[in-house]
Amino acid sequence: MAIIKKIINWGRIKSPWVLHFNTGACNACDIEIIASLTPRYDLERFGVLLKGTPRHADILLCSGPVTKQVECRLLRIYEQMAEPKFVIAVGSCASSGGVFGCCYNVEGGIDTVIPVSIYIPGCPVNPQALIDGLVKLLASLEGPSPCMKDSKARDDLPIGKP
Amino acid sequence: MLKELFNILVFPGLLFLFIFGMAIEFVDRKLCARLQNRIGPPWYQPLADFIKLLGKEDVVPQESDVAVFKLGPVFALAAAATAFLYIPLWNKQALFSFSGDIIVVFYLLTIPTLVFFLGGWYSRSVFSMIGAVRTLTQFFAYEVPLFMCILSSSLLANTWSLSEMTVFYLAHPWCWLFTLPGFFIALIALLGKLEKVPFDIPEAETEIVAGAFTEYGGRFLAFLRTVLNMEMVVGSSLLAAVFLPFGFVHNAALSFMIFIAKILFITALIAVAHSVVARLRLNQMVSLCWRVFAPLAFLQVLISLVIKGFLVMR
Ligand code: SF4
């Protein structure tokens, strides 16, 4: 049994598929995410593929603060992803709310809504920083304490909340 | 009995097809990456993807038709793997053959496409429904040129069996040169079957999320990806058997190498095609197939008939 777990864990580390979701960023972080997927930085070296649908993805790359409007969409996308799933907060805004932190229409960082595994600071994040964060997340899966947050029990997620 | 079971399940059947399909996927992705001046994925990437998908949670949408959703990928896998048994690979003789097996291979190759349609349709999500309809529309476009080209080759050989075709082309060497235009048309049509880039309209991820596969995840997606890999191997070995029928020497190892080289050649052509062109629109694709490729395929049939007349007169 242990060996099977090990093999599956190996597969998980070697093939992280990402989904990119803009929760209200100023678009600079999004451009940097795209830049790190293009030939200059080539994330496919690590097996990263950009997927269009949450069902295929393992890692949710969130950029930007969570606005009030996007909150339930973010939850929904998070819920549509299959376990095991990880969330990376890309940029200062996603980590804490950043410059938009005290806006009337902003909830705060990504972790006010869904559990986050890795925070990558920067405004906007550098592609190198993004790759570093991703590699650190994958490396943590090898060790005894993976950055795996328990997703909340399905019933207490405020999906229907307006 | 035992030997046949081994042939069907291990070599050159299911297991070989599975591993070879992964190798081809890797070659395809790596070549594409190198053409874009990237480093590309490591050699174990398709295997890691497969294992990861097996280890993920299976989500079945509440609205979907559970039986179709779950059983479809298995049917597609079985059909693609069965088609492989009727194609002459490195022997003159395919594992199984009878007169008319070319039709059976056609039908079996159609089943995965149909499964993509049904799976997408019964997932009951808007994106997957659009993808499913596009799959079917595209299917009506590329199928005619593809089959016409393969039939032109079989007309020349005057047989409906793939193995007998190979025997004919070995008896008349260089006859395959006359069907070479058909090879390129069939190759382009094969891109449509595999949903590769100029024709990846059904799963255009920039427009309709992931097309028919939108709701698939976990084990089912792993199966579907395997089916696509297998289709790639089966399709290119069908083209290799029909249009490049040479190199069947007595030394088994050597002719195996020649077979691999042929498949790699076709894979390389496909990789080049889908890294240098962009996606077409559905109407462009349909009109291209019907207005350009279908007449060209007819021309190929005419050429084959004329050559056949010469052969008969001689
Ligand atoms: S962190 Fe900076 S660059 Fe990124 S979304 Fe926020 S303000 Fe824009």
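Residues numbered from 1 in each chain as written. Chains lettered and ligands numbered in written order. Predicted model: local features only at pLDDT ≥ 70, side-chain atom pairs only at ≥ 80, totals over all residues. Heavy atoms only, no water.

What follows concerns the overall build of chain B. For chain B, the helix and strand inventory stands at 11 helices and zero strands. Secondary structure of chain B in N-to-C order comes out as α-α-α-α-α-α-α-α-α-α-α. Across its three principal axes, chain B shows a C-alpha extent of roughly 65 × 50 × 40 Å. Counting all 314 residues of chain B, 55% fall into the buried class. Sequence-distant contacts in chain B: of pairs separated by 6 or more residues, those separated by 24 or more amount to 79%. Taken as two groups, the 21 positive and 18 negative side-chain charges of chain B have centres that lie 7 Å from each other. (Helix = DSSP H or I, 4+ residues; strand = E, 2+ residues; numbered from the N terminus. Buried < 20%, exposed > 50% of the residue type's maximum accessible area, 1.4 Å probe, protein only. Contact = heavy atoms within 4.5 Å. Lys, Arg positive; Asp, Glu negative; His and termini not counted. Charge placed at Lys NZ, Arg CZ, Asp CG, Glu CD.)

What follows is about the packing of helix H1 (residues 2-14) of chain A against helix H5 (residues 127-142) of chain A. All names here are of chain A. Direction vectors running N to C along H1 and H5 enclose 175°, while the axes themselves pass 9 Å from each other. Considering their axes alone, H1 and H5 lie roughly antiparallel with respect to each other. Judged by residue contacts, Asn-9, Arg-12 and Ile-13 of H1 engage Leu-138, Leu-141 and Glu-142 from H5. Broken down by class, the residue content of the contact of H1 with H5 amounts to three nonpolar, one polar and two charged. (Axes fitted to C-alpha atoms, helices over the stretch in contact; angles between N-to-C directions. Parallel < 35°, antiparallel > 145°, perpendicular 65-115°, else oblique. Nonpolar A, V, L, I, M, F, W, Y, C, P; charged D, E, K, R; others polar.)

Moving on, we get to the site of the ligand. All names here are of chain A. Around the ligand, the neighbouring residues are Ala-25, Cys-26, Ala-28, Cys-29, Ser-92, Cys-93, Phe-100, Gly-122, Cys-123 and Pro-124. Elements with a minimum of two residues in the shell around the ligand: helix H2 (28-37) and helix H4 (92-96). A class-by-class count of the residues in the shell around the ligand yields eight nonpolar, two polar and no charged. (Near = heavy atom within 4 Å.)

Formed by 86 residues in total, the largest nonpolar core has its most connected members in B:Ile150 and B:Leu239. Setting aside anything within four residues of it in sequence, one finds B:Leu239 in contact with B:Ile150, B:Phe183, B:Ala186, B:Leu187, B:Leu190, B:Leu244 and B:Ile266. (Core = buried A, V, L, I, M, F, W, Y, C linked by side-chain atoms within 4.5 Å.)

The next thing to look at is the interface of chain B and chain A. On the chain A side, the residues contacting the 29 residues of chain B number 27 residues. When chain B packs against chain A, the two sides together hide about 2,400 Å² of surface, and 57% of this comes from carbon and sulfur. At the junction of chain B with chain A, the criterion picks out six salt bridges. Residues A:Asp42 and B:Arg38 are paired through a salt bridge, measuring 3.2 Å at the closest nitrogen-oxygen approach. At the boundary of chain B and chain A, one finds 18 residue pairs in polar contact (both at pLDDT 80 or more). Looking at the side of chain B that touches chain A, the elements with two or more residues in it are helix H3 (45-54) and helix H9 (218-243) of chain B. Ranked by residues supplied to the side of chain B that touches chain A, first place goes to H3(B) with six residues. A breakdown of the residues in the side of chain B that touches chain A according to their chemical character gives 14 nonpolar, seven polar and eight charged. (Buried area = accessible area lost by both parts, 1.4 Å probe. Salt bridge = Lys/Arg side-chain N within 4 Å of Asp/Glu carboxyl O. Polar contact = N/O pair within 3.5 Å; in protein donor to acceptor, adjacent residues only side chain to side chain.)

Taken as a whole and judged by the stated rule, the model has zero disulfides over all chains. Residue A:Cys62 stays outside any disulfide, its sulfur separated by 11 Å from that of A:Cys29, the closest cysteine. With no disulfide of its own, B:Cys289 lies closest to B:Cys149 among cysteine sulfurs, the gap being 11 Å. (Disulfide = S-S within 2.5 Å.)

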